[in-house]
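Read off the chains here:
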Number of protein chains: 2
Amino acid sequence: MFDLIRVLKEKGYKVTPQRIAVYDLLKGTKEHPSADMLYNKLQPLYPTMSLATVYKSLEVFKELGLVQELNVGEDKFRYDANARQHPHITCSCCGKVEDVDDEMFFDLLEQVSQKTGYELVNQKLYFFGYCPQCQKNKVSGVS
Amino acid sequence: MFDLIRVLKEKGYKVTPQRIAVYDLLKGTKEHPSADMLYNKLQPLYPTMSLATVYKSLEVFKELGLVQELNVGEDKFRYDANARQHPHITCSCCGKVEDVDDEMFFDLLEQVSQKTGYELVNQKLYFFGYCPQCQKNKVSGVS
DNA sequence: TTTGCTATTGATAATAGTTATCTTCACAAT
DNA sequence: ATTGTGAAGATAACTATTATCAATAGCAAA
Ligand SMILES: [Mn+2]
Ligand SMILES: [Mn+2]
Ligand SMILES: [Zn+2]
Ligand SMILES: [Zn+2]
């Protein structure tokens, strides 16, 4: 099982309550929050925590390969405690961001590498559309 | 064959030399330039053109479905006069952005739609790695 | 436990890409 | 020619993110 505290210590980073709080919150959600979403959720429990600290914690986690940054076309980044690359899908109506099962993408990297001659190291796959919930609301006339 | 002037007129937009210049430049390049890259390239021929005009032209083109906006993880957007969704690959060394042949992605949308229940309208596929040129430079010791 | 070093925090200023504002200009319709 | 309106250019405003810096706190050594 993965342990934030161990990784921080191994790499010479200090273990602070702020870092633990940010990481735990991100780890415990499926909603791919942005920095300010994390900040707002932390406010009640950690009212003195600065937004800058949220950004700096995320920066450290990125360096350590513990989180990944997503850009789904908004003017801000979202974050994912699942650092393994996997496709995401965004609802253009309600804005939520969800994971896509990536079985079907298994040999994609290999194919792209062969086609382009690139030595591939990463990929970001984003899909956009209307989620089942928003489709339902639409036909039933809910705004 | 596609005609910018016709589309602008049809939709009630004025045909201006600035819009034509921005579009022609974007249409004639494969490098997926950002707004300021376009602006800088236009400077010699159109020294009075404002950066704001570049942005506003791109905005119009987006509305008309004539261009697409790319985000390859930089802190700015890039633009593509090929508005049809197609995968892109970025070299993490030299920063160039290229197209990927999308034959292999034909049935991807359908598969994702089935898996997620989303009504899909769009996708953005970004790959990252090292281009053949940069791989060569690396082994030959060029910085 | 106490001490001391130094990374980290919190507050805030700075940065940079993008958008909004506003005045002037171009130009098409009358 | 006159007039109305969208667009251009200049620049201010905006906003997410990053940098700065004094005060704080984690942690290793004594
Ligand atoms: Mn995810
Ligand atoms: Mn392209
Ligand atoms: Zn939705
Ligand atoms: Zn390269």
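For the structure, see preceding data.
The text that follows walks through the structure, step by step, so that each part is easy to find.

The rules behind each value
Residues numbered from 1 in each chain as written. Chains lettered and ligands numbered in written order. Predicted model: local features only at pLDDT ≥ 70, side-chain atom pairs only at ≥ 80, totals over all residues. Heavy atoms only, no water. Contact = heavy atoms within 4.5 Å. Salt bridge = Lys/Arg side-chain N within 4 Å of Asp/Glu carboxyl O. Helix = DSSP H or I, 4+ residues; strand = E, 2+ residues; numbered from the N terminus. Nonpolar A, V, L, I, M, F, W, Y, C, P; charged D, E, K, R; others polar. Pairing = 2+ DSSP bridges. Phe/Tyr/Trp six-rings, centres within 6.5 Å; stacked < 30°, edge-to-face > 60°. Buried < 20%, exposed > 50% of the residue type's maximum accessible area, 1.4 Å probe, protein only. Least-squares fit on C-alpha atoms with pLDDT ≥ 70 in both. Donors = N, O, S within 2.8 Å, 3.2 Å for Na, K, Ca; no water. Tetrahedral: all angles 85-135°; square planar, octahedral: opposite > 155°, others 65-115°. Near = heavy atom within 4 Å. Polar contact = N/O pair within 3.5 Å; in protein donor to acceptor, adjacent residues only side chain to side chain.

**Some details on the interface of chain A and chain B**
Link 1 in the chain: Counting from both sides, the interface comprises 34 residues of chain A and, opposite them, 34 residues of chain B.
Link 2 in the chain: In this structure, the salt-bridge partner of K115 of chain A is D101 of chain B, at a minimum N-O distance of 3.1 Å.
Link 3 in the chain: Of all the secondary-structure elements, those providing two or more residues to the side of chain A that touches chain B are β3 (88–91), α5 (108–116), β5 (119–130) and α6 (132–139) of chain A.
Link 4 in the chain: Class assignment for the residues of the side of chain A that touches chain B results in 18 nonpolar, nine polar and seven charged.
Link 5 in the chain: Relative to strand β5 (residues 119–130) of chain B, β5 of chain A runs antiparallel, the two sharing 11 bridges. Counted as the bridge partner of Y130 of chain A is E119 of chain B from β5 of chain B.

**Focus: the packing of aromatic side chains**
Residue and element names in this part refer to chain A.
Link 1 in the chain: Tallying each qualifying case throughout the model produces four aromatic pairs over all chains.
Link 2 in the chain: With 5.5 Å between their ring centres and 80° between their planes, Y23 and F61 make a pair best called edge-to-face. Pair noted here: Y23 is in helix α2 (residues 17–27) and F61 is in helix α4 (residues 51–63), with a separation of 38 residues, a long-range link.
Link 3 in the chain: Residue classification places Y23 among the buried positions, given a relative accessible area of 4%.
Link 4 in the chain: A relative accessible area of 0% places F61 in the buried class.

**Quick word on the relation of the copies chain A and chain B**
Link 1 in the chain: For the match of chain A to chain B, the screw axis carries a shift of 0.0 Å, the RMSD comes to 0.1 Å, and the turn is 180°. Here the transformation between the copies is reduced to the relation of a two-fold axis. Among all residues of chain A, the one whose C-alpha sits closest to the rotation axis is L125 of chain A, at a distance of 2.3 Å.
Link 2 in the chain: When the interface residues of chain A are mapped onto chain B, 100% of them again lie at the interface, so the same face is used by both copies.

**Re the coordination of the zinc ion (ligand 4)**
All names here are of chain B.
Link 1 in the chain: Distances from the zinc ion (ligand 4) to its protein donors, C91 (SG), C94 (SG), C131 (SG) and C134 (SG), fall at 2.3 Å.
Link 2 in the chain: Because the angles between the four donor atoms bound to the zinc ion (ligand 4) fall within 104 to 119°, the donor set is best described as tetrahedral.
Link 3 in the chain: Expressed as a motif, the donor residue spacing for the zinc ion (ligand 4) is C-x2-C-x36-C-x2-C. Here the residue C94 occupies a position in the loop between β3 (88–91) and β4 (97–99), and C131 occupies one in the loop between β5 and α6 (132–139), the gap between them amounting to 37 residues.
Link 4 in the chain: Residue C94 is classed as partly exposed on the basis of its relative accessible area, which comes to 44%.

**What about the protein's contact with DNA strand D?**
Link 1 in the chain: Every one of the 20 residues lining DNA strand D counts as a neighbour, but V15, Y55 and F77 of chain A together with T16 and R19 of chain B are closest to it.
Link 2 in the chain: Atoms of DNA strand D within 4 Å of the protein belong to the sugar or the phosphate in 69% of instances, the rest to bases.
Link 3 in the chain: Between a base nitrogen of DNA strand D and a side-chain N or O atom of K14 of chain A, the distance comes to 3.2 Å.
Link 4 in the chain: Q18 of chain B places a polar side-chain atom, nitrogen or oxygen, 2.9 Å from a sugar or linking oxygen of DNA strand D.
Link 5 in the chain: Those elements that place two or more of their residues in the surface near DNA strand D are α4 of chain A together with α2 (17–27) and α4 (51–63) of chain B.
Link 6 in the chain: Split into classes, the residues belonging to the surface near DNA strand D amount to eight nonpolar, five polar and seven charged.

**Some thoughts on the coordination of the zinc ion (ligand 3)**
All names here are of chain A.
Link 1 in the chain: Taken together, the protein ligands of the zinc ion (ligand 3) are C91 (SG), C94 (SG), C131 (SG) and C134 (SG), with distances of 2.3 Å.
Link 2 in the chain: In the primary sequence, the donor residues of the zinc ion (ligand 3) line up as C-x2-C-x36-C-x2-C. In this pair, C94 is assigned in the loop between β3 and β4 (97–99) and C134 in helix α6, connecting sequence segments 40 residues apart.
Link 3 in the chain: Under the relative-accessibility criterion, C134 is labelled buried at 9%.

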